[in-house]
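# Survey of secondary and tertiary structure
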Amino acid sequence: MASLSLRGIYKRYPGGVVAVSDFTMNIKDKEFIVLVGPSGCGKSTTLRMVAGLEEISEGELFIGDRLVNDVAPKDRDIAMVFQNYALYPHMTVFDNMAFGLKLRKVPKDEIKKLVEEAAKILDIGHLLDRKPKALSGGQRQRVALGRAIVRDPQVFLLDEPLSNLDAKLRATMRTELTKLHQRVETTFVYVTHDQVEAMTMATRIVVMKDGLIQQVDTPQNLYDKPVNIFVAGFIGTPQMNFINGVLEKKGADLYFNFEEGTQSIKLSDDKANDEALKPYYGQEVVLGIRPEGLTDEERNIEAYKDSTLEAYVDVTELMGAEIYLYLKIGETNLISRVSSRSQSRAGDKIKIAFDTSRIHIFDKDTEKCIVH
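Here goes a summary of the coordinates provided. None of these values were measured; they are calculated from a predicted model.

Looking only at helices and strands, the chain features 10 helices and 21 strands. Judged by the C-alpha coordinates and their principal axes, the chain covers about 80 × 45 × 35 Å. The buried share of the chain, reckoned over its 372 residues, is 51%. Of all intrachain contacts in the chain linking residues separated by at least 6 positions in sequence, the fraction that spans at least 24 positions is 65%. For the chain, the exposed surface amounts to about 17700 Å²; the carbon and sulfur share of it is 47%. Taking the 49 positively charged and 54 negatively charged side chains of the chain as two groups, their mean positions are separated by 7 Å.

Written as structure tokens, this is what we have:
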């Protein structure tokens, strides 16, 4: 098993295109790291550089204590699982899983043992004689994982392995991958644009944008303490609400005035006393609050009466255990996540309370978070 160390990694293509810039992080042995970000942010390119499928333009890559910049992919002791599974259609499941071991001249009885053990872990023992075309998408994905497991690599690399599966199967496979990681106790580096996959599986998440790391942290910390507007908006479904406005100090109290100037809410005492906000008094800022921080419950309206506003309900979406309310406060559009017991309906005028303990304030120009 191995740690990974990426030190100042760049990927430059001809024509001056920089796909990855100064990617630096240490991945501990047995961690489950997820690289997440929008399409084109450089996450798959980073994974392919670790695999050796893309050349590193600048920087150093260590697997364990070994510098592997110039080491061929087959000699890096890694296994990669691709989005499209990359199975050989003319071979049986057994032969697909055994292929890499045969190339390494592993004895036949050893191959049989390793393949059967991996098949048992993945619950595909009954499929070993079938060809890939006779398998479902989920079964093919398990075969691709099995082919990686039998090699007992130091590092697993997975490039959007669940994106071709339907929603229900993706949820099942997320759980299976987490169990697999616990069982094989190997370092996993996983690429996805799906932040739900990232939040549910990762030890730590790397959020990327335009080839740059925005933040590396645990899923909970990313959710609770995003470093900037991009991370705050990317992590969480529905995404965080952002409101432009001005901070105004009145005596000991601090208020946030909406951009159009007709609405304002009183911020919590800890924010009113926060030194970091002092330079922003009278200045434009961006207030961020997650949908669950906006509530129509009577007890919260009472508790946050200084930060309760009238809202018009545009649309409601029943999600089973909860309801999403699409609201308008003045000219500002917001989303609230409320209990399925809520009586708020489309067309209603309701009171909506801002839970001021859940408010984030961002610098309007740099988009960095000033206070959580």
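Our focus in this paragraph is the pattern of salt bridges. With the rule as written, the count across this model stands at 19 salt bridges. Ionic pairing is found between K11 and E54, a salt bridge with its closest N-O pair at 3.6 Å. Separated by 43 residues along the polypeptide, K11 in strand 1 (residues 4-13) and E54 in the loop between helix 1 (43-51) and strand 4 (58-63) bring together distant segments of the chain. Taken as a pair, K11 and E54 share a single burial class, namely buried. Residue R204 pairs with E31 through a salt bridge whose shortest N-O separation is 2.8 Å. You can see R204 sitting in strand 9 (residues 204-209) and its partner E31 sitting in the loop between strand 2 (17-27) and strand 3 (32-36), a full 173 residues away along the chain. Judged by its relative accessible area of 19%, R204 is buried. Exposure remark for E31: the relative accessible area of 6% places this residue in the buried category.

Take unusual backbone geometry next. Put simply, T237 and P238 share a cis peptide bond, and its omega is -10°. Its location among the elements puts P238 in the loop between helix 8 (229-234) and strand 11 (241-250). The backbone of D22 shows a phi angle near 45°, a positive value even though the residue is not glycine. Locating D22 in the fold gives a position in strand 2. Backbone geometry places E367, a non-glycine residue, at a positive phi of 65°. Its location among the elements puts E367 in the loop between strand 20 (360-363) and strand 21 (369-371).

Moving on: the sheet that holds strand 6 (residues 78-81). Taken in spatial order, the 6 strands of this open sheet run 6-7-8-3-9-10, and their pairing is mixed. On the outer flanks of this sheet lie strand 6 and strand 10 (212-217), each paired with one strand and no other. Adjacent strand axes in the sheet meet at a mean angle of 15°, parallel and antiparallel pairs treated alike. When strand 6 meets strand 7 (residues 155-159), the two strands line up parallel, connected through 4 bridges. Note on strand 7: the bridge partner recorded for V81 is L158. Packed on one face of the sheet, helix 1 meets strand 3, strand 6, strand 7, strand 8 (187-192) and strand 9 and runs near 145° to strand 7. The sheet contacts of helix 4 (residues 137-149) involve strand 6 and strand 7, and relative to strand 6 the element is tilted by about 175°.

Our focus in this paragraph is the sheet that holds strand 5 (residues 66-67). The 4 strands are arranged 2-1-4-5 in an open sheet whose pairing can be described as antiparallel. Two strands lie at the open edges of the sheet, namely strand 2 and strand 5, each paired on one side alone. The pairing of strand 1 with strand 2 spans 7 bridges and is classified as antiparallel. The residue of strand 2 that forms the bridge with L6 is M25.

Bringing helix 4 into the picture now. The end-to-end C-alpha distance of helix 4 is 18 Å, a good match for the 18 Å that 13 residues give at a rise of 1.5 Å each. Counting buried positions over the 13 residues of helix 4 gives 10, a clear majority of the element. Buried residues of helix 4: G138, Q141, R142, V143, A144, L145, G146, R147, A148 and I149, and no others. Elements in contact with the buried residues of helix 4: strand 6, helix 2 (93-103), helix 3 (108-121), strand 7 and helix 5 (167-184).

Interhelical geometry of helix 2 versus helix 3 gives an angle of 130° and a closest axis separation of 10 Å. Taken together, the axes of helix 2 and helix 3 are oblique relative to one another. Helix 2 and helix 3 meet at a crossing whose hand is right-handed. Facing helix 2, whose interface residues are F94, M97, A98, L101 and K102, helix 3 presents I111, K112, L114, V115, A118 and A119.

Right, let's get into the packing of helix 4 against helix 5. Contact geometry for helix 4 and helix 5: axes closest at 11 Å, N-to-C directions at 15°. Classified by the interaxial angle, the pair formed by helix 4 and helix 5 is roughly parallel. Crossing of helix 4 against helix 5: the hand is right-handed. On helix 5, the residues that touch G138, Q141, R142, L145 and I149 of helix 4 are L169, M173, E176, L177 and L180. Taken together, the residues of the contact of helix 4 with helix 5 sort by class into 6 nonpolar, 2 polar and 2 charged.

Summarising the element assignment, G52 is placed in the loop between helix 1 and strand 4. Take G52: its relative accessible area is 21%, and that puts it in the partly exposed class. Sequence separation of G52 and V71 is 19 residues, and the distance between their C-alpha atoms is 7.5 Å. Apart from residues no more than four positions distant in its own chain, G52 is found in contact with P73 and R76.

Cut-offs used in this document
- Residues numbered from 1 in each chain as written.
- Predicted model: local features only at pLDDT ≥ 70, side-chain atom pairs only at ≥ 80, totals over all residues.
- Heavy atoms only, no water.
- Helix = DSSP H or I, 4+ residues; strand = E, 2+ residues; numbered from the N terminus.
- Buried < 20%, exposed > 50% of the residue type's maximum accessible area, 1.4 Å probe, protein only.
- Contact = heavy atoms within 4.5 Å.
- Areas by Shrake-Rupley, 256 points an atom, 1.4 Å probe, with all protein chains shown as cover.
- Lys, Arg positive; Asp, Glu negative; His and termini not counted.
- Charge placed at Lys NZ, Arg CZ, Asp CG, Glu CD.
- Salt bridge = Lys/Arg side-chain N within 4 Å of Asp/Glu carboxyl O.
- Pairing = 2+ DSSP bridges.
- Axes fitted to C-alpha atoms, helices over the stretch in contact; angles between N-to-C directions.
- Expected span 1.5 Å × (residues − 1).
- Parallel < 35°, antiparallel > 145°, perpendicular 65-115°, else oblique.
- Left-handed = near helix turned anticlockwise from the far one by under 90°.
- Nonpolar A, V, L, I, M, F, W, Y, C, P; charged D, E, K, R; others polar.

Purely geometric numbers; function is a separate question.
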